[in-house]
Every structure is written in structure tokens, then in C-alpha cells.
Amino acid sequence: MKILAFESSCDETAVAVVEDGRRVLSDAIASQADMHALYGGVVPEIASRKHVEAIAALTDKALADAGVTKRDIDAVAVTYAPGLIGAVLVGLSFAKSVAYALGVPLIPVHHIRGHIAANYLAFPELEPPFLALCMSGGNTLLVDVRDYTDLVLVGATRDDAAGECFDKAARVLGMPYPGGKPMDELAQQSAGGVYDLPRASIEGHPLDMSFSGLKTAVVNLAHNAEQKGEPLDRAALARDFTRAVSDELVPRAMLAARTCGRKTMVAAGGVAANTILRADLMAACAHEGVKLYLPPLRLCGDNGAMIGAQGYYEYLAGARADLSLNAYATRDIDDAVVAYRAQVRDIFA
């Protein structure tokens, strides 16, 4: 089964063709990062307009790269949430038109479900159940993946996402947007241990996280040093900041795995590309005997292939959308926008 998949939730326009949920035939991406770097972050209106400019030609490229024609497409999958609402609407509207014109099913896919499914493309042997640690610029979640479309949220950030904090800390340290890679490279230049940064805990909710205090602490350290004319060890601050993020994420991921009874874990999202976090996860999982799957760097960021992968399993579960499907800036990962026919059959059996 060949699925044409669209992703436009932030500043990458992405179109892919995926076969049977596991094989990537093409994965075309048009990034806007250089443009948004001029402003220190994503400008939603510009992102939306650039999606409009790129998506038609990118679709032709994805089909050509896959060596297929429009007539070979069996279904269309698209991100409907979460993300910048204008950006999501561009991809969703275009996907609707394609599905309607081709007379094929339209499959709604939650963006974070797609990030988790990126691991299916990299690891053919991976199957649920497992625990997923999802870390991106807009979301930080702990998800119990019981089956391909049965996902339960068990923990989440109460405020900022981990990826957003990396971008904000990078900007304070004078590094370009997006800040994840520059922060990672800078952190490698120091052993850290210079700055005492906060780690949050939420009473009664051990699996939930908070990063706003950490972000504020980094901003205050940098501003105070500038105002007093004191030197700032940028590399040490980058290292200590990354260590603080890891201390919030990794122990909670291990606790979630124990709580849910999972001996397999996957990482997902752009922050999963961070070398320190990857190393800490590997060490923690090795210590507790948990099998860890880390997606290759090319599948950590936003891409269309991950939407096609998850779209395949959503299709098998019976998820179908009509042309009334709306876009959502926020939507819980376990809050389906359409009823799964398989589940409906179970209810009325």
C-alpha cells in the first residue's frame, strides 16, 4: 500500500511516499530554517506562506523520487495537529484536495504519533508495546504505546517544551535558530559543573515535567553576567543546561517504563538528536535492562515519511476523515479526531 503523506506543522514543508508503513520510497523536505533564523525563531505567518509556495512542487518531487504516479497512490495521510495553526492548515487543505481529486481515503495523523512512528522506518523489528519519550520544539511527552493506534499519555511538560528551551537558551548565548545543534556542539567543549541550574518536580505527579524555571535561570545568568561585566563560560553553561534537561527527562522516562511495565523504549522528536541525551538514555536503559531504540538523526526532525508510517497503521485501524476535517493547534495524542472503525465494530459486536 502506497501512502502519500504531508507534514507542515512548523517550518518544514514535507511530502513523502511510504509503502506499507515501513518502506520510504521518497521523502522530500523544504526547510525554512535559514529564513526564520533572521528573526531568532519561527514567524508563523511567514511559515504559512512558504508552505503555500512549496507544497505543490514538492509533491511532484516526492512522486518523481518514488518512481510512482498519482494513480499509484492508495491513500493520503496528513498532519492535522498539533502545530502552528496556519501552517497545519496549508498541508491539511492541500492533502484534502489531493485525496478528493484522486478518490482515495484521507487519513488524519497526530504529529507526535508520527514522530514515534519514525522508529518503525528505522527498525523493521520494532513493534508495540513500548514506552516512548517524545521531545520536540513544541511538545515533551511520555507515552505508553500499547498498540500502533492505542497510545496513552502518562506524563508531559506543564509549560515549555524541551526543544523550545534549547532554542531560547541558544538565543541568549548568541547562537542561531534553531538552537539544538549549536547548543549540542558548544556543550561538547566543556565538562560543565560550573552553573547550578534548577530541576523541577511536581508534587503528586512524578512523571510530569516543567522547563520554564530552567529557561528563566539561563536567561537570568546570562543577563546578570552582561550587566555586571563578568565573563560567562558559554560552553559550561550549555553543558550544564543540557545536563539539567537530561536530568528531567531520563529518570522520568525510566520511571514511566517501570510504571507501565515496559522493557522497550523509543525516543522521538528533534531533541532526540542531542548527543548528551542519547548517551544518558543509553546508559540508563543498559543499567535497567531496557531495550532502547534511538532514531537516526535524519528521522528526528519533522518529515513526511513519519506521517506516512503512522498513517498506514491508522488506516489499518479504520481511521478515515472526510473533507470537514479541521486543523488543531493543540490536541492530546490519545484524543482521536475520528472514530476508528475497528473500535466501533468492537463496541457494537
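Residues numbered from 1 in each chain as written. Predicted model: local features only at pLDDT ≥ 70, side-chain atom pairs only at ≥ 80, totals over all residues. Heavy atoms only, no water.

Student: How should the overall build of the chain be read in this particular structure?
Tutor: Along the backbone of the chain there are eleven helices and ten strands. Its C-alpha atoms give the chain a radius of gyration of 20 Å, near enough to 20 Å, the size a compact globule of 349 residues would have. By its C-alpha atoms, the chain is 65 × 45 × 30 Å across when sized along the principal axes. By the burial criterion, 55% of the 349 residues in the chain qualify as buried. A sequence separation of at least 24 residues applies to 73% of the contacts in the chain between residues at least 6 apart. Taken as a whole, the chain presents about 14,700 Å² of accessible surface, with 52% of it coming from carbon and sulfur. Averaging the locations of the 32 positively and 42 negatively charged side chains of the chain gives two centres separated by 3 Å. (Helix = DSSP H or I, 4+ residues; strand = E, 2+ residues; numbered from the N terminus. Rg over C-alpha atoms; globule rule 2.2 N^0.38 Å. Buried < 20%, exposed > 50% of the residue type's maximum accessible area, 1.4 Å probe, protein only. Contact = heavy atoms within 4.5 Å. Areas by Shrake-Rupley, 256 points an atom, 1.4 Å probe, with all protein chains shown as cover. Lys, Arg positive; Asp, Glu negative; His and termini not counted. Charge placed at Lys NZ, Arg CZ, Asp CG, Glu CD.)

Student: Help me understand empty space enclosed by the protein, please; the structure alone is not making it clear to me.
Tutor: Over the atoms rolls a probe the size of a water molecule, and in doing so it shows where empty space is left. Per the stated rule, a full pass over the model turns up one cavity of 30 Å³ or more. Taken as a whole, the largest cavity spans an internal volume of roughly 60 Å³. Taken together, Tyr80, Pro108, His110, Arg113, Glu314, Ala319, Ala336, Val337, Val338 and Tyr340 make up the lining of the largest cavity. Tallied by class, the residues present in the lining of the largest cavity amount to seven nonpolar, one polar and two charged. (1 Å grid on protein atoms, 1.4 Å probe; cavity = no way out; pocket = protein on both sides within 12 Å on 5 of 7 lines; lining within 4 Å. Points joined across faces, edges and corners; volume = space filled by probe spheres on them. Nonpolar A, V, L, I, M, F, W, Y, C, P; charged D, E, K, R; others polar.)

Student: It is not clear to me how the nonpolar core should be interpreted in this structure. Could you clarify?
Tutor: When a protein is soluble and globular, its nonpolar side chains tend to lie buried together. Residues Met183, Leu197, Phe241, Val245, Leu249 and Met265 are the most contacted members of the largest nonpolar core, which totals 48 residues. At the level of secondary structure, the elements contributing two or more residues to this core comprise β6 (130-135), α5 (162-172), α6 (180-187), α7 (212-228), α8 (234-260), β9 (264-268) and α9 (275-288). With 13 residues, α8 is the single largest residue contributor to this core. Contact partners of Met183, with chain neighbours within four places excluded, come to Phe166, Ala169, Ala170, Leu173, Met175, Ala238 and Phe241. Residues Tyr120, Leu151, Val266 and Leu299 belong to the second largest nonpolar core, which totals 36 residues. (Core = buried A, V, L, I, M, F, W, Y, C linked by side-chain atoms within 4.5 Å.)

Student: Help me out: how do you make sense of unusual backbone geometry in this one?
Tutor: One can expect most non-glycine residues to show negative phi and most peptide bonds to be in trans. A cis amide bond links Pro128 to the next residue, Pro129, at an omega of 10°. The amide bond that connects Tyr177 to the next residue, Pro178, takes the cis arrangement and shows omega of -10°. Along the chain, the position of Pro178 falls in the loop between α5 and α6. Notably, Asp20 is not glycine yet its phi reads approximately 55°, a positive angle. Look at Asp20 and you get partly exposed, because its relative accessible area is 35%.

Student: Would you mind showing me how to read α8 here?
Tutor: Relative to the 39 Å expected for 27 residues at 1.5 Å per residue, α8 spans 39 Å between its end C-alpha atoms, a close match to the ideal helical length. By the largest-angle criterion, Ser246 marks the main kink of α8, which is about 25°. Once α8 ends, the next one or two residues include Gly261, with phi positive near 70°. (Expected span 1.5 Å × (residues − 1). Bend = angle between axes of the 7 residues up to and from the residue.)

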